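Inside the fold
Below are the chains, spelled out letter by letter.
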Amino acid sequence: MFKKYDVIVVGAGHAGCEAAAAAANLGSKVLLITMNLQTIAQMSCNPAMGGIAKGQIVREIDAMGGYSGIVSDFSMIQFRMLNRSKGPAMWSPRTQNDRMLFSKKWREMLEQTPNVDFYQDMVKGLLIKEGKCSGVITGLGNEISADSVVLTNGTFLNGIIHIGEKNFGGGRMAEKASSGITEQLVSLGFKSDRLKTGTPPRIDGRSLDYSKMEEQLGDQYVTGFSYLKISKPEKQKSCWITYTNENVHDILKTGFDKSPMFAGRIDGVGPRYCPSIEDKIDRFAERDRHQLFVEPEGWDTVEIYINGFSTSLPEDVQNRALKLIPGFENAKMFRPGYAIEYDYFPPTQLKYSLETQLIDNLFFAGQINGTTGYEEAACQGLMAGINAHQKSKNQDPLVLKRSLAYIGVLIDDLVSKGTEEPYRMFTSRAEFRTLLRQDNADLRLTELSYKLGLASKERMDLVENKKYEVEKIKKILSELTLNPNEINPVLESKNSALISEKQKADKILLRPNVELTNLIEHLPGLKKDVKMFSQEAIEQASIQIKYQTYIEKENDLVRRMSELEELVIPETFEYKKIKALGNEAREKLSRMKPATLGQASRISGINPSDVQILMVYMGR
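First, a word on what this report is: a plain description of the structure on this page. Since the model is a prediction, treat every value here as computed from it, not as a measurement.

1. Concerning the layout of surface pockets
Its boundaries defined by the atoms lining it, the second largest pocket holds a volume of some 760 Å³. Residue lining of the second largest pocket: 28 residues in total, with K351, Y352, E571, K593 and A595 positioned closest to the centre. Elements with a contribution of two residues or more to the lining of the second largest pocket: α9 (374-392) and α19 (583-592). Of the residues forming the lining of the second largest pocket, the biggest block, 3 residues, is contributed by α9. Of the residues belonging to the lining of the second largest pocket, the class tally is 13 nonpolar, 8 polar and 7 charged.

2. As for helix α11 (residues 441-452)
When the terminal C-alpha atoms of α11 are compared, their 16 Å separation across 12 residues agrees well with the 16 Å that a helix rising 1.5 Å per residue should span. Structurally, α11 contributes buried residues whose contacts are with α2 (54-63), α12 (457-479) and α17 (535-546). In the segment just after α11, G453 is the residue with positive phi, at about 110°.

3. Quick word on the packing of helix α6 (residues 246-253) against helix α8 (residues 315-322)
Packing of α6 against α8 brings their axes to within 9 Å, and their N-to-C directions diverge by 170°. Overall, the two elements α6 and α8 adopt an arrangement that is roughly antiparallel. Across from V248, I251 and L252 in α6, the residues of α8 making contact are V317, R320 and A321. Taken together, the residues of the contact of α6 with α8 sort by class into 5 nonpolar, no polar and 1 charged.

4. With respect to the nonpolar core
In terms of nonpolar packing, the biggest core is built from 96 residues, with I8, L151 and M383 touching the most fellow members. In terms of residue count, the dominant contributor to this core is α9 (9 residues).

5. Some details on empty space enclosed by the protein
By the definition in use, this model includes 1 cavity of 30 Å³ or more. Computed from the structure, the largest cavity encloses a volume of approximately 100 Å³. Considering the residues around the largest cavity, the lining is formed by K401, R402, S403, E431, F432, V558, M561, S562, E565 and R602. In terms of residue class, the lining of the largest cavity is built from 3 nonpolar, 2 polar and 5 charged.

6. Brief notes about the packing of aromatic side chains
Going through the model one piece at a time under the given rule, you end up with 10 aromatic pairs. The interplanar angle of 85° and the centroid separation of 6.1 Å between the aromatic rings of F190 and F345 together place this pair among those described as edge-to-face. Of this pair, F190 sits in the loop between α5 (181-187) and β12 (193-199) while F345 sits in the loop between β19 (338-344) and β20 (362-364), and the two are 155 residues apart along the sequence. On the basis of relative accessible area, F190 is assigned to the buried category, the value being 3%. Given a relative accessible area of 0%, F345 falls into the buried group. Residues F256 and F262 carry aromatic rings whose centres are separated by 4.8 Å and whose planes lie at 55° to one another, so their mutual orientation is tilted. The exposure class assigned to F262 is partly exposed, which follows from its relative accessible area of 32%. A network of ring pairs unites the aromatic residues F190, F345 and F364 as a single cluster. Above the plane of the ring of W91 lies R84, whose end atom (NZ or CZ) is 4.1 Å from the centre. A cation sits over an aromatic face here: R429 above Y423, 4.2 Å from the ring centre.

7. Things to note about the sheet that holds β12
Pairing is antiparallel across the open sheet formed by 4 strands, whose spatial order is β11-β10-β19-β12. Pairing within the sheet leaves two strands with one partner each, and these edge strands are β11 (166-169) and β12. Direction aside, neighbouring strands of the sheet carry axes that sit 25° apart on average. Bridge count for β12 against β19 is 7 bridges, and the pairing is antiparallel. Across the sheet, the residue bridging to K196 is E341, located in β19.

8. Looking at the pattern of salt bridges
When charged atoms on two side chains of opposite charge get close, those side chains can pair. On inspection of all chains with the given rule, the structure shows 41 salt bridges. The shortest N-O distance in the salt bridge between R206 and D204 comes to 2.8 Å. When its relative accessible area of 64% is taken as the criterion, R206 is described as exposed. The closest approach of N and O atoms between D461 and K457, which form a salt bridge, is 3.0 Å. Here D461 and its partner K457 are both found in helix α12, 4 residues apart, which amounts to about one turn of the helix. One network of salt bridges, in which partners are shared, links R402, D412, D413, K417, E431, E565 and R602.

9. Overview of unusual backbone geometry
The phi dihedral of N158 is positive, around 50°, even though this residue is not glycine. Mapped onto the elements, N158 comes out in the loop between β9 (143-151) and β10 (160-163). Taking relative accessible area as the criterion, N158 reaches 22% and is therefore assigned partly exposed. The backbone of K593 sits at a positive phi, close to 45°, despite the residue not being glycine. If you trace the backbone, K593 turns up in the loop between α19 and α20 (597-601).

The rules behind each value
Residues numbered from 1 in each chain as written. Predicted model: local features only at pLDDT ≥ 70, side-chain atom pairs only at ≥ 80, totals over all residues. Heavy atoms only, no water. 1 Å grid on protein atoms, 1.4 Å probe; cavity = no way out; pocket = protein on both sides within 12 Å on 5 of 7 lines; lining within 4 Å. Points joined across faces, edges and corners; volume = space filled by probe spheres on them. Helix = DSSP H or I, 4+ residues; strand = E, 2+ residues; numbered from the N terminus. Nonpolar A, V, L, I, M, F, W, Y, C, P; charged D, E, K, R; others polar. Expected span 1.5 Å × (residues − 1). Contact = heavy atoms within 4.5 Å. Axes fitted to C-alpha atoms, helices over the stretch in contact; angles between N-to-C directions. Parallel < 35°, antiparallel > 145°, perpendicular 65-115°, else oblique. Core = buried A, V, L, I, M, F, W, Y, C linked by side-chain atoms within 4.5 Å. Buried < 20%, exposed > 50% of the residue type's maximum accessible area, 1.4 Å probe, protein only. Phe/Tyr/Trp six-rings, centres within 6.5 Å; stacked < 30°, edge-to-face > 60°. Lys NZ or Arg CZ within 6 Å of the ring centre and 35° of its normal. Pairing = 2+ DSSP bridges. Salt bridge = Lys/Arg side-chain N within 4 Å of Asp/Glu carboxyl O.

Following this line, the structure appears as structure tokens:
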């Protein structure tokens, strides 16, 4: 019944979908196995993509030829560029999405991708022989062979849902958990642990009074995620902001004795940066209110997501507390919030390609590696799909450096440091964030992906045209001399010091309050020169000119750091024979087998003196 595949992907969440698409578009024959074909790319929690640092990841996925950016743009109901008041390294795109349209578009794109087959069944085990994975065993007893297998099980591995004192098996509400894989992997020597996440109640939007809330509009200028020309919505839906209060907190506290988190029924660690409402009340007792974002779930539904009110308290407590929130006095609940506890495998057991160290041809991506968030899962899926294809074709893996992509930062963090709580990406995790901006992901990654065979020629042509336009704009600005009488009115309007003699336009742009759009708006000659260029190229040229000094400094730091990255450590290197290393260093280096001295330096517990000792021995 089943032919042999190049790659089998287990699970069709964000990681699984990107993995299947990437491997297939590189030329692998792919089988995507999911327990429910109706929930492909389901947005299990909030119907949104991007945000702080996460938006950069989605743009990187898109730049490499992944699908998340396209699907997000197609299904957006609101777009906002966060942190516009800060420098461009902090700008982060975010979309509010139509939940059903998002899933529908993902399935449509996968079905239109050659080389992708689908099968609905649970995977209960792996075919493993002599330390190599060669396929899967399904719940119906089918054995399906493949050169590589990618596990993207999300929250389904032995998942348990908690609502107050009630708990039951499930990977998502109304969907059964998956069993068998954890037990098999543990028997093979893998270490597993438990994590926890949660989701808020869903509300009937018709029962809310929006006049008591603050309206949050989308941006007038919609950038979107994809570097392809995806049509944007002509209108946008508003989100709304409201707050809890002391009365809400008092009601919630009445359920604390029945809380699975406080009663010790949940062993898994929850996400530090997205705590439940009861956790916020307990940890931040001095606060008398917490902000809530009231977010629509789509164009044609009244269902509302309450961002900031994740909870696993009893249903009646949730309901009573909600009615004390301004605007929620008559709120009708569609379904209660809940917590879910699930198995994950500490990611220090992986290679930087996301292949497991213990079993060849087996790759992990997404929440199985301890991450949280659609974006973190999707980028792992992309990389696991690429490398599963590469492995099946006996080709070298693709590993992105920390200086090249947030994706590289994420995977390097996971593999070298591990995580004991759900990992979430932030701009602060990237030491080279001035280089890793959302506006230049295509300039950083598309050519690399195109040479690999994943990014399309259409994408590559767009990048080449963008480069051409940016250089032309920079040349125009470097040659354009501005007289005091024509530029001083602009400077005065921006509270910037006036000039008394001529200056080049690119020097004026170095001033913090002056933007290229200001010059274009007030200088007819400049407007005429650049009007044929895209808004994207104008913005990129402005950023490159304004932040050139900072960019050069960071590039210099990258060059110095790359000296460590280029010192390759042989796989046969015997750390245990180096007595000068401490016991912890010998044990961790032997277990994690870093590929370069740079990777070794970032392993938790490895100090600078250990790195120096390694350099001496490698020199020998």
